[in-house]
Amino acid sequence: MAEESEGTVLLAGAANLAIAVAKCIAGLLSGSTALLAEAAHSVADTLNQVFLMTALKRSRKPADGKHPFGYGLERYFWSLLAAVGIFVLGAGFSIAEGIRAILRPEPVAALLVAYGVLAVSFVFEAISWLKAVRQLRREAAEQGDSALEHLRESAEPAVKTVAFEDSAALIGLLLAAVGITLTAVTGKEFFDGAASVAIGILLVGVAFVLGRDNKAMLIGQALPAAVEDQIRAEIAGTPGIDSVVELLSLRLAADQVLVVVRVDLDNSATTGAAVEKLAEQIDTQVRREFPAVRHLFLDPTPSPS
């Protein structure tokens, strides 16, 4: 999954870099604030791909004495920085420039250049968006989840960020096209500035959602209740287990989960060797049925005779 995620991020980064240059040139030639806002959006997205690649690389570092469960949470830290980048660079510039254009409007020229860049940008953004969405859908199918549920609960943060960025980019391009068209048709430059503000507000929403989700993971988020219930049922159905007293889970990365379970044993597990064998059996079963569970700790308590 990591290799595919890297490919998704690299494609998004290359597309955003080329699009940012084209939008910037077209924005300067046409004088369109909406196009310049979109250029700032693409610059922010390009820088964010650097954050996301860093997240993927650093999260693969092996566990050590200081980080016994590995570095998986780094994915959420760098993805959080990407959300901040969207907010500060993309949304901040777009809203500020949009307000400036509304207060001090300037005519929009070179419409053919502007429309050409918007059309080409839409195609490249759509290609990047489709790759991210296909990966999300495939991963969701492998886990037996809906695409929306997977995106909300367990998607790789780098791919999730790319999907959100590209979705915002496609909508932003449409907003820019509407703003430029209304300005050209009505002769009122207000619409171009308003489109820039609308793009900024869109980016604020994207940054908020990504920031909220990554924050939840960084401070420690459990598996969905339904998945915990499935793990609990898997363990409770194992011969030798009387009941599952408590089950706690913590997501360390999109594909790494820590599970701690306290169980009551029945009278069949009477020796240390039997308990150890039962623990190994449960560990094998859970890892087979739930591959994301990388660390399973069992606290067995013999039932009173």
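Report follows, based on the coordinates. Values in this document were obtained by computation on a predicted structure and should not be read as measured data. (Residues numbered from 1 in each chain as written. Predicted model: local features only at pLDDT ≥ 70, side-chain atom pairs only at ≥ 80, totals over all residues. Heavy atoms only, no water.)

Description of the overall build of the protein
Move 1: On a plain count of helices and strands, the protein comes out with nine helices and three strands.
Move 2: Sequence-ordered secondary structure for the protein, helices as α and strands as β, is α-α-α-α-α-α-α-α-β-β-α-β.
Move 3: Looking at the protein as a whole, 44% of its 305 residues qualify as buried.
Move 4: Within the protein, contacts between residues separated by at least 24 positions form 75% of all contacts whose residues are at least 6 apart in sequence. (Helix = DSSP H or I, 4+ residues; strand = E, 2+ residues; numbered from the N terminus. Buried < 20%, exposed > 50% of the residue type's maximum accessible area, 1.4 Å probe, protein only. Contact = heavy atoms within 4.5 Å.)

Description of the pairing of strand β2 (residues 256-265)
Move 1: Extensive coverage of β2 is indicated by the burial of seven of its ten residues.
Move 2: In this structure, strand β1 (residues 241-253) lies alongside β2, joined through ten bridges in antiparallel fashion. Bridge pairing links L248 to V260 in β2. (Pairing = 2+ DSSP bridges.)

Thoughts on the pattern of salt bridges
Move 1: Under the defined criterion, the tally for this structure stands at twelve salt bridges.
Move 2: A salt bridge links R288 to E289; the nearest nitrogen and oxygen atoms lie 3.7 Å apart.
Move 3: On the basis of relative accessible area, R288 is assigned to the exposed category, the value being 54%.
Move 4: E289 sits in the partly exposed class, given a relative accessible area of 44%.
Move 5: A single network of salt bridges, built from pairs that share partners, joins R75, E156, D255 and R294. (Salt bridge = Lys/Arg side-chain N within 4 Å of Asp/Glu carboxyl O.)

Here's the deal with the packing of helix α8 (residues 225-236) against helix α9 (residues 272-289)
Move 1: At a minimum axis separation of 10 Å, α8 and α9 run at an interaxial angle of 145 degrees. Read as a crossing pair, α8 and α9 show a hand that is right-handed. The residues of α9 that touch α8, namely those facing I231, E234 and I235, are I282, Q285, V286 and E289. (Axes fitted to C-alpha atoms, helices over the stretch in contact; angles between N-to-C directions. Left-handed = near helix turned anticlockwise from the far one by under 90°.)

Details of α8
Move 1: Taking 1.5 Å per residue, twelve residues should reach 16 Å; α8 reaches 16 Å between its end C-alpha atoms and fits that length.
Move 2: By the burial criterion, the buried members of α8 are E228, I231 and I235. The buried residues of α8 occupy an angular sector of 60 degrees when the element is viewed end-on, so they sit on one face. (Expected span 1.5 Å × (residues − 1). Arc of directions from axis to C-beta.)

Observations regarding the environment of V227
Move 1: Within the element layout of this structure, V227 appears in helix α8.
Move 2: For V227 and S32, which are 195 residues apart along the polypeptide, the C-alpha to C-alpha distance reads 50 Å.

So, the packing of helix α2 (residues 33-58) against helix α6 (residues 157-186)
Move 1: Closest axis-to-axis distance for the α2/α6 pair is 10 Å, and the angle between their directions is 175 degrees. Between α2 and α6, the angle is such that the two are roughly antiparallel. Residue-level contacts link A34, L35, E38, H41, D45, N48, Q49, L52 and L56 of α2 to A158, T161, V162, E165, A168, A169, G172, L173, A176 and I180 of α6.
Move 2: Residues that form the contact of α2 with α6 fall into these classes: eleven nonpolar, five polar and three charged. (Parallel < 35°, antiparallel > 145°, perpendicular 65-115°, else oblique. Nonpolar A, V, L, I, M, F, W, Y, C, P; charged D, E, K, R; others polar.)

Some thoughts on the packing of aromatic side chains
Move 1: Counted according to the given criterion, the structure contains four aromatic pairs.
Move 2: Judged by centre distance (5.3 Å) and plane angle (80 degrees), the rings of F77 and W78 are edge-to-face.
Move 3: We classify F77 as partly exposed; its relative accessible area is 38%.
Move 4: Accessibility expressed as a relative area gives 18% for W78, which makes it buried.
Move 5: An angle of 70 degrees between the planes, with centres 5.5 Å apart, marks the rings of F190 and F191 as edge-to-face.
Move 6: Relative accessible area serves as the criterion here: at 44%, F190 is assigned to the partly exposed category.
Move 7: Using a relative accessible area of 26% as the deciding quantity, one classes F191 as partly exposed.
Move 8: Aromatic ring contacts, followed pair by pair, group F51, F77 and W78 into a single cluster.
Move 9: The ring centre of Y71 lies 4.2 Å from the NZ or CZ of K61, which sits over that ring. (Phe/Tyr/Trp six-rings, centres within 6.5 Å; stacked < 30°, edge-to-face > 60°. Lys NZ or Arg CZ within 6 Å of the ring centre and 35° of its normal.)

Here's the deal with the side chain of N214
Move 1: With respect to the secondary-structure elements, N214 resides in helix α7 (residues 190-218).
Move 2: Engagement of the side chain of N214 in a polar contact is seen with the backbone oxygen of L210, the distance being 2.8 Å.
Move 3: For N214, the contacting residues outside a window of four places in its chain are Y76, S79, L80 and P157. (Polar contact = N/O pair within 3.5 Å; in protein donor to acceptor, adjacent residues only side chain to side chain.)

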